[in-house]
Each structure stands twice: as C-alpha cells, then as structure tokens.
Amino acid sequence: MNQTGPAKAAPKAGSRAGSRAGGPDRRLLLVLVGATLLAAVVAVLSKQWCRLNGWEAPGVHIHMCYSDFGQLFPTRGLAEGYFPFFTPLPEDQWMEYPALLAVVAGVTSWFVPQDGTLLERTVTYFDINAVGALLCWLIVVVATAYTARGRSKDALMVAVAPGIILTSFLNWDLWAVMLAALGLLLWSRSHPVLAGVALGLGAAMKLYPLFFFGAILVLCWRAGKLGVFFKSLAAGAVAWLAVNVPFMLTAFDQWSRFYTFSGDREVSFSSMWLAFTWTGWSGETFSLVSNGLFALSCLGIAYLGLSSRHRPRMAQLCLLIVAAFILLGKVYSPQFVMWLIPLVVLARPNWRQFWIWQAVEVYHWGGVWMESARITSEGAFGGGALWIPLWYGSGIVLHMAAVIWICVSVIRDILDPDRDPIRRSAPVVTTDASATDGIPAASLPPFDPSAGILAKEPDRFLLPPAGRGRVQTG
C-alpha cells in the first residue's frame with residue numbers, strides 16, 4: 001500500500017514515527033482533562049431537576065434527567081444497606097445486571113449516610129456514583145489519547161461528546177467503557193495478557209467488551225499468532241470467573257437474573273424489532289432471531305478481516321462488532337451510545353462525521369424521553385399529539401442510519417486504506433529491514449497505532465478473494 005501524507009523528520013531507521021509516539025504531551029493532557037471536567041458540569045446540570053425534585057415519573061422523563069442511580073437506590077434494597085447478590089431479597093428487588101456492576105452499585109451505597117430523608121440519601125447516592133462515573137470518563141479520555149498516539153487530539157471528541165454528557169450519569173456503563181478503553185490501550189502497548197484481564201473485567205461489568213476478543217481472534221489468526229489470542233482470552237476468562245464464581249456459588253438465582261432477564265425480556269425502546277411486534281413473537285423468539293443475525297454479522301466481519309487485502313485495524317473490527325450488536329439488539333438503552341464513542345474516535349476520527357452522528361443521537365435522546373413521558377403519564381403528556389411518536393420514530397430511524405453510515409465508512413476504509421484517516425497520515429516506512437527484525441518493510445501490515453504485539457507480524461493467513469487460501473510471507 002502506498003503510504004501517503006506529509007513527510008516528517010526522519011525517525012530512527014526502520015521505525016514508524018507514529019508507533020514510537022508515546023501519546024499526548026502535558027499541555028494536551030491538561031486540555032483534555034479540563035474539557036472533560038467542563039463537560040461533566042454540563043452533565044450534572046442536565047440532571048439538576050431530578051436532584052431537586054426526585055426521580056418520580058413522569059417528571060423524570062419530561063425533564064430528561066432519568067438515572068438508574070436514583071431509581072435503583074430506593075428499590076433494590078440499597079437504601080436499607082443490603083448488598084446485591086449477597087443479601088437474600090424478594091425477587092422484585094434483584095439487580096438485573098452483571099456481577100461487577102452490581103458490586104459497584106453495592107459498594108457505593110456504603111458511603112451514603114443513614115440519616116436524612118430518602119430523597120436526600122438518594123441524591124447523595126447519585127452524587128457518589130456521578131463522581132465515580134466522572135473518574136471513569138477521565139480515564140477513557142486519557143486512554144483513548146494514548147491509544148491514538150499520533151492523533152491524540154482526537155480524544156477531545158470523547159471529552160466533549162454530547163452522547164456522554166447526556167448519558168454519563170444514567171447508569172454504570174462508563175465503568176465498562178473505561179475497562180474496554182484500558183483493554184485497547186494495553187493491547188496497543190503489547191500487553192495482550194493484561195488487555196485480556198481488562199476486557200474480562202469489562203465483560204463482568206457489561207457484556208460488550210467480550211466482543212473485542214473476536215477482533216483479537218481475527219487479527220491473531222491473520223498474523224499466525226493464535227497463541228497470543230488464547231493467552232489473552234484465558235486471562236480474560238480468569239478475570240471474569242474471579243468476579244462471578246463467588247456469586248454463582250452463593251446466590252445463583254440472583255446472579256443469573258441478568259442472563260435470564262436478557263433472554264426473556266420483550267422488545268423495548270429504540271430497537272429495530274419494534275417494527276415486528278405485530279408478529280406476536282415472544283421475547284425468547286426475538287432473542288433467538290436477534291442473536292442469530294448477530295452471529296451471522298460476526299461471521300461476515302471475520303470474513304472481511306481475513307480476506308481484505310490490507311489488515312484491518314483493531315479499533316475498526318471492534319467498532320463493527322459492537323455496532324452490529326447494538327443495531328440488532330432487542331433493546332437500545334440510551335447510554336449504549338457511550339460504547340461506540342471511543343471506538344468511533346479510534347476507528348474513524350472524522351470530526352464532521354462524528355458531530356453529525358452526535359447531533360442525531362441528541363435528537364434521538366429527546367424523542368426517547370418524550371415517548372417515555374407520554375407512556376408513564378398514560379397519555380396525559382402531549383395530549384395525544386402526533387409530534388411525540390413522530391419524533392421518537394424518526395429518531396430511531398436516524399440513529400440507526402447514522403450508525404450504519406459510520407460502519408459503511410469503516411468497511412470502505414478497510415477495503416481501501418488510502419481512505420482511512422489514520423493511514424492517510426501515517427509516516428512512510430523505511431525499506432531498511434535491519435530495524436524491523438529482518439522483515440522487509442514492504443511485508444509489514446499497514447500502520448495501526450493499536451496493533452500492539454502484531455505490529456511487525458506479516459500476514460500468514462488470508463481467505464479468498466484477497467489471498468486465495470493460505471498465504472505464507474516473511
């Protein structure tokens with residue numbers, strides 16, 4: 001592939017300037033931290049009505065300040081000092097979340113004073129978890145900046161993304177986003193085992209970091225380094241089991257609630273499957289269809305990764321897998337947008353496209369809460385006007401179209417790396433093989449700042465049509 005872009009001061013023979021760059025300098029780090037803190041202030045102000053008036057419906061939806069922090073503290077035994085998956089509780093108070101997220105929800109409740117009204121204590125619980133989410137947000141921004149290396153300024157998009165501002169204090173998802181971002185950073189720094197640990201813990205918090213192992217499998221298979229994949233996967237499995245096994249052994253029914261609930265629940269907000277509820281299918285049937293299509297999508301992404309002429313970047317494959325899961329899922333909770341934001345910034349850092357997508361997500365966000373207000377008020381809010389369902393329905397369509405647009409752009413970048421913003425600005429690789437471990441520079445895969453241990457590994461396995469079977473190089 002012809003590497004294009006302005007020539008830079010010649011680095012040490014055989015090196016890649018972008019690969020050697022350690023990340024943002026101190027000034028940029030201060031800018032990123034400051035921008036994140038300012039965005040967090042806006043995020044808190046967006047929840048201020050509920051902090052003053054409580055989280056009762058339909059007001060919580062009308063003022064678009066819903067938060068699971070405020071909803072679950074008084075309804076899941078947390079206000080009484082009960083710990084999820086540990087204290088026997090009535091079934092209607094079980095936490096429908098993975099184990100590590102439930103642990104965070106329980107531990108943060110320990111810091112809430114026992115005195116005061118329930119509203120005052122709930123606000124305190126909200127504030128404690130908001131601080132925790134902010135710390136996660138800061139780590140995500142910094143981790144993204146270091147993973148992007150030569151394009152560390154792109155992390156500013158993560159710092160001020162409207163999708164994070166609006167959803168950061170809605171649920172504990174930022175903890176999973178943080179672990180996923182750390183997993184990508186550790187992988188980019190050639191620590192596949194530690195990356196596996198971070199992703200395993202992320203999967204114990206929310207399911208989606210598990211999908212990153214699919215991207216690792218494809219890239220390691222292509223490079224003939226499956227042993228690296230299995231080491232990373234084993235580390236992730238050990239981390240996941242370390243969190244989950246104690247609860248599996250002591251409170252299996254409560255622990256398994258997340259998995260049974262996910263399979264049984266009906267189609268919910270913003271899912272494409274709302275258009276098919278006329279079929280009368282059960283939640284289990286929709287799960288079967290949804291999961292089947294997602295599996296087929298993963299096979300298609302794997303084929304793309306193993307057959308494209310040039311090796312895809314790690315972030316590109318991760319984004320495609322997670323986006324497929326979101327688009328095909330039975331439920332699209334508003335905070336799921338945070339799963340995609342760091343991946344979009346790393347996979348396709350096109351500022352114009354990013355802000356168009358975020359504007360669409362803000363529009364969709366408003367439609368979701370207006371529809372929620374209409375439902376919870378039993379039609380009183382809006383007085384039966386058509387503008388609410390029209391806003392909500394058009395928001396779903398535009399949200400899905402924008403995510404698909406980004407995915408199509410990423411696929412085109414994979415098939416034609418000269419379109420890829422990362423690879424267009426990549427430094428030219430010297431032909432001196434002495435500094436590339438004896439491998440001719442022409443045999444190296446295209447530049448990927450997050451390639452990690454695979455950066456200097458030539459392709460050893462390709463599928464048709466790109467490679468027409470097994471290819472040995474190097």
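These numbers come from a predicted model, not from an experiment. Residue numbers run consecutively from 1 along every chain, following the written order of its sequence. Since the coordinates come from a predicted model, pLDDT governs what is reported: local features require at least 70, and pairs of side-chain atoms require 80 or more to be given and counted, while whole-chain, interface and lining totals use all residues. Calculation of side-chain values draws on the structure's entire complement of heavy atoms; hydrogens and water are dropped beforehand.

Secondary structure elements are defined from DSSP: runs of H or I of at least 4 residues count as helices, runs of E of at least 2 residues count as strands, and each element is numbered from the N terminus. Counting secondary structure elements, the protein contains 21 helices and 0 strands. The long-range fraction of contacts in the protein, counting pairs at least 24 apart against all pairs at least 6 apart in sequence, stands at 72%. Note on definitions: a residue-residue contact is assigned when non-hydrogen atoms from the two residues lie within 4.5 Å.

A word on the state of the cysteines. What makes a disulfide is a covalent bond joining the sulfur atoms belonging to two cysteines. Pairs of cysteine sulfur atoms within 2.5 Å are what we label disulfides. This structure, assessed with the given rule, holds 1 disulfide. Paired through a disulfide, Cys50 and Cys65 show a sulfur-sulfur distance of 1.9 Å. The sign of the S-S torsion, about 65 degrees, decides the handedness of the disulfide formed by Cys50 and Cys65: right-handed. You can see Cys50 sitting in helix H3 (residues 48-53) and its partner Cys65 sitting in the loop between helix H4 (59-62) and helix H5 (68-72), a full 15 residues away along the chain. Working definition: with a 1.4 Å probe on protein chains only, accessible area under 20% of the residue-type maximum means buried, over 50% means exposed, and in between means partly exposed. Overall, Cys65 belongs to the buried group, its relative accessible area being 0%.

Quick look at the environment of Pro334 now. Of note, Pro334 is situated in the loop between helix H17 (314-328) and helix H18 (337-347). Measuring from C-alpha to C-alpha, the distance between Pro334 and His364 comes to 8.7 Å, with 30 residues separating the pair along the chain. If near-sequence neighbours (up to four positions away) are discounted, Pro334 is found in contact with Thr167, Leu170, Trp365, Val368 and Trp369.

Between H18 and helix H19 (residues 351-376), whose axes approach to 12 Å, the crossing angle comes to 175 degrees. Here H18 lies roughly antiparallel to H19, going by the angle between them. Contacts from Val337, Leu340, Ile341, Val344 and Val345 in H18 reach Phe354, Trp357, Gln358 and Glu361 in H19. All axes are obtained by fitting lines to C-alpha atoms, using only the stretch in contact for helices, and the reported angles, taken between N-to-C directions, cover 0 to 180 degrees. In what follows, roughly perpendicular refers to angles from 65 to 115 degrees, roughly parallel to angles under 35, roughly antiparallel to angles over 145, and oblique to any angle outside these ranges.

Moving on, we come to the nonpolar core. Here, nonpolar core means buried Ala, Val, Leu, Ile, Met, Phe, Trp, Tyr and Cys residues that are tied together by side-chain atoms lying within 4.5 Å of each other. Formed by 126 residues in total, the largest nonpolar core has its most connected members in Trp137, Tyr208, Phe212, Leu340 and Trp357. It is helix H7 (residues 118-148) that provides the largest number of residues to this core, a total of 14 residues. Apart from the residues lying within four places of it in its own chain, the contact partners of Trp357 are Val337, Leu340, Ile341, Val344, Ala402, Val403 and Ile406.

Counting through the fold element by element, Thr36 comes out in helix H2 (residues 26-46). Exposure remark for Thr36: the relative accessible area of 0% places this residue in the buried category. Contacts described as polar in this section are N or O atom pairs within 3.5 Å, which, within protein, must combine one atom able to donate a hydrogen with one able to accept it, while residues neighboring in sequence count only if both atoms come from side chains. From its side chain, Thr36 meets the backbone oxygen of Leu32 in a polar contact 2.7 Å long. Apart from residues no more than four positions distant in its own chain, Thr36 is found in contact with Leu134, Trp137, Leu138, Val141 and Ala159.

Now for the side chain of Gln254. Within the fold, Gln254 resides in helix H14 (residues 252-255). Reaching out from Gln254, the side chain makes a polar contact with the backbone oxygen of Thr87 at a distance of 3.1 Å. Those residues within four positions of Gln254 in sequence are excluded, and the remaining contacts are Phe85, Thr87, Pro88, Leu89, Trp94 and Met95.

Here we come to H7. Here the expected length of a helix is defined as 1.5 Å per residue gap, with one fewer gap than residues. Taking 1.5 Å of rise per residue, the 31 residues of H7 would be expected to cover 45 Å, and the 44 Å separating its terminal C-alpha atoms lies within 8% of that figure. Immediately downstream of H7, the backbone of Arg149 shows phi near 55 degrees, a positive value.

The predicted coordinates ought not to be read in detail in places where the model reports low pLDDT. Along the chain, pLDDT gives the predictor's confidence residue by residue, from 0 to 100. Mean pLDDT over the protein stands at 89; residues scoring 70 or higher make up 89%. Segment residues 1-20 is flagged for pLDDT under 50; beyond a separation of four residues in sequence, or across chains, it makes 42 contacts in the model. Note that pLDDT drops below 50 for residues 466-474; the model gives that stretch 20 contacts with residues more than four away or on any other chain.

Now for the packing of aromatic side chains. How two aromatic rings sit relative to each other is set out by the distance from centre to centre and by the angle between their planes. Classification of ring pairs rests on two measures: the distance between centres of Phe, Tyr or Trp rings, Trp counted by its six-membered ring, which must be within 6.5 Å, and the angle between planes, read as stacked under 30 degrees, edge-to-face over 60 and tilted in between. By the definition in use, this model includes 33 aromatic pairs. Between Phe269 and Tyr392, the aromatic rings sit 5.9 Å apart at their centres with planes inclined by 75 degrees, giving edge-to-face as the arrangement. In this pair, Phe269 is assigned in the loop between helix H15 (257-264) and helix H16 (283-307) and Tyr392 in helix H20 (residues 387-415), connecting sequence segments 123 residues apart. Judged by its relative accessible area of 29%, Phe269 falls in the partly exposed class. Exposure remark for Tyr392: the relative accessible area of 9% places this residue in the buried category. Through a chain of ring-to-ring contacts, three or more aromatic side chains come together here, namely Tyr208, Phe211, Phe212, Phe294, Phe325, Tyr332, Phe336 and Trp339.

Turning our eyes to something else, we now look at helix H10 (residues 173-188). The first and last C-alpha atoms of H10 sit 23 Å apart over 16 residues, in line with the 22 Å expected at 1.5 Å per residue. Of all the 16 residues making up H10, 13 are buried; the element is thus mostly covered by neighbouring parts of the structure. Residue Ser190 follows H10 closely and has a positive phi angle near 65 degrees.

In this section: the packing of helix H12 (residues 212-223) against helix H13 (residues 226-250). Two elements in contact, H12 and H13, have axes separated by 8 Å at closest approach and are oriented at 160 degrees. Here H12 lies roughly antiparallel to H13, going by the angle between them. When the axes of H12 and H13 are compared, the crossing they make is right-handed. Counting all contacts with H12, which are made through Phe213, Ile216, Leu217, Cys220 and Trp221, the residues of H13 involved are Leu226, Val228, Phe229, Ser232, Leu233 and Gly236. When residue character is reported, Ala, Val, Leu, Ile, Met, Phe, Trp, Tyr, Cys and Pro are called nonpolar, Asp, Glu, Lys and Arg charged, and the others, Gly included, polar. For the contact of H12 with H13, the per-class residue count stands at 9 nonpolar, 2 polar and no charged. Each crossing gets its hand from how the near helix is turned against the far one by less than a right angle, where anticlockwise is left-handed and clockwise is right-handed.

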